[in-house]
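Secondary and tertiary structure notes
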Amino acid sequence: MKVLVTGGAGYLGSTTAKALEQAGHTPVVLDSLEVGPHAFVRDRAFYQGDIADRALVARVVEEHPDIEATIHMAAMILVPESVREPYRYYQNNVAKSLELFDTLTTLGRPRVLFSSSASLYATTEGFEVVEGDPTAPGSPYARTKQVIEWALQDLAAATDLRAVTLRYFNPIGSDPDLESGIYAKEPSHVLGQLVLAARGLKDAFTITGTDLPTRDGTGIRDYLHVWDLAQAHVAAVERFDTIIEAEGAPSAVLNIGTGSGTTVRELVATFEEVYGARVPVVEGPPRPGDAVGAFANVDKIRDVIGWEARLSVKEAIASALAWADKRESVLGYE
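Here we summarise the structure given alongside this text. Bear in mind the structure is a predicted one, so any value in this text is a computation, not a measurement.

Regarding its fold elements, the protein chain presents 11 helices and 15 strands. Here the C-alpha radius of gyration of the protein chain, 19 Å, is about what a compact globule of 334 residues would show, namely 20 Å. Overall size of the protein chain, expressed as C-alpha extent along the three principal axes, is 55 × 45 × 40 Å. For the protein chain, long-range pairs separated by at least 24 residues make up 78% of all intrachain contacts whose partners lie at least 6 apart in sequence. A gap of 2 Å separates the mean positions of the 30 positive and 46 negative side-chain charges of the protein chain.

Written out as structure tokens, the structure is:
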């Protein structure tokens, strides 16, 4: 199967493209390279440009008429930045996605697998969430994901478009061969921040929020190995029609997580265990837009397509540390 992957030069997109290849599929990458590095494209079919460029998307489909589905991963993703610059987030994440969806439908390529976010969910007692639980997105970033989900639901009801939305929880780690990972020099992701603090590249790791209504006062997350996340995309795109049929509707939502929650303090302790040394830690207030958190109920995705996470948080941490050692040789900088 040939699959268009928007944002395929990014951390998650490139890992998903690799997983598609290993499963015998052919990814075609569309990425602006405004964020993702060209090195992550490797030797895949690649088009540099904007997802809202209708002519470009039409050329991609013309040159690859056997594309059967699109995995839409291109997005701006930084929560604090979205609070500061909401217009950019709505323009890039929402408006441009609408152009992409309409173009794909017009071109007769209506299967869309959309990368959404668990940050949509309202805080629930016990913190476990199922797909039908209430949403209460707490940042412009999360609200852009909510709006796109609503748009896909409406478009699927009114047109030939069919949509499967994957609500990610918290991917961490690197692919097994260390060919991609977190690429920012100063990553905002929690695991990247821990690596920097552990190696003395910053003074300390900051736990943001310590009086939250969790078992130790820190945010709770469902930390998922990025390779498991990539495998979930492969399973979902291979069984796309099965998901839609099981839903009994033209669109569906699936959680992608491990099914268990880890607090930030617990993650720090696990990181120290894997790393073999203490990490300097300080405490601070929550960042603008931060959520208390949740973890996934994964019954639906397991029952419908047979996917479940197989790798541990410890394995994800070990892969992130190994990637940090190799990143310079892949990307050409420290």
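As summarised here, the arrangement of the seven strands in space is β3-β2-β1-β4-β5-β7-β12, forming an open sheet in which the pairing is parallel. Unpaired on one side and paired on the other, β3 (45-48) and β12 (251-256) mark the two borders of the sheet. Within this sheet the neighbouring strands show an average axis-to-axis angle of 20 degrees, counted without direction. Examined bridge by bridge, strand β5 (residues 111-117) and strand β7 (residues 162-168) share seven bridges and lie parallel to one another. Residue pairing in the sheet places S116 in a bridge with R167 of β7. Here helix α2 (residues 54-63) sits on the sheet in contact with β1 (2-6), β2 (26-31), β3 and β4 (67-72), set at roughly 165 degrees to β3. Against the sheet, helix α8 (residues 240-247) touches β5, β7 and β12, its axis set at about 95 degrees to β7.

Our next topic: the packing of aromatic side chains. Using the criterion set out here, one finds four aromatic pairs in the structure. Centre to centre, the rings of F271 and Y275 are 5.7 Å apart; their planes meet at 25 degrees, and the pair counts as stacked. Of this pair, F271 and Y275 both sit in helix α9 (residues 264-275), four residues apart, which is roughly one turn of the helix. Classification of F271 as buried rests on a relative accessible area of 0%. The class of Y275 is partly exposed, set by a relative accessible area of 28%. In textbook terms, an aromatic cluster arises when at least three aromatic residues are bridged by ring pairs, as seen for F40, Y183 and W323.

With 21 residues, helix α4 (residues 86-106) extends 29 Å between its outermost C-alpha atoms, agreeing within 8% with the 30 Å of an ideal straight helix rising 1.5 Å per residue. Turning to α4, the residues buried within the fold contact β1, α2, β4, α3 (79-84), β5 and α5 (140-158). Within two residues after α4, G108 carries a phi angle of roughly 75 degrees, on the positive side.

Let us now look at the nonpolar core. The nonpolar side chains of a soluble globular protein tend to be buried with one another. With 45 residues, the main nonpolar core has L113, V164, L166, I256 and W307 as its most contacted residues. It is helix α7 (residues 226-238) that provides the largest number of residues to this core, a total of nine residues. Each residue touching W307, except ones within four places of it in the same chain, is listed here: L224, D228, Q231, A232, A235, I256, G257, I301 and R302. Of all hydrophobic cores here, the second largest spans 20 residues; its members include I51, L56, V94 and V112.

Okay, the pattern of salt bridges next. A full pass over the atoms with the stated rule returns 23 salt bridges. The closest approach of N and O atoms between E81 and R88, which form a salt bridge, is 3.9 Å. R88 is the salt-bridge partner of E85, the closest N and O atoms lying 3.0 Å from each other. Salt bridges sharing common partners tie together K18, R42, D175, D177 and E179.

Calculation rules
- Residues numbered from 1 in each chain as written.
- Predicted model: local features only at pLDDT ≥ 70, side-chain atom pairs only at ≥ 80, totals over all residues.
- Heavy atoms only, no water.
- Helix = DSSP H or I, 4+ residues; strand = E, 2+ residues; numbered from the N terminus.
- Rg over C-alpha atoms; globule rule 2.2 N^0.38 Å.
- Contact = heavy atoms within 4.5 Å.
- Lys, Arg positive; Asp, Glu negative; His and termini not counted.
- Charge placed at Lys NZ, Arg CZ, Asp CG, Glu CD.
- Pairing = 2+ DSSP bridges.
- Axes fitted to C-alpha atoms, helices over the stretch in contact; angles between N-to-C directions.
- Phe/Tyr/Trp six-rings, centres within 6.5 Å; stacked < 30°, edge-to-face > 60°.
- Buried < 20%, exposed > 50% of the residue type's maximum accessible area, 1.4 Å probe, protein only.
- Expected span 1.5 Å × (residues − 1).
- Core = buried A, V, L, I, M, F, W, Y, C linked by side-chain atoms within 4.5 Å.
- Salt bridge = Lys/Arg side-chain N within 4 Å of Asp/Glu carboxyl O.

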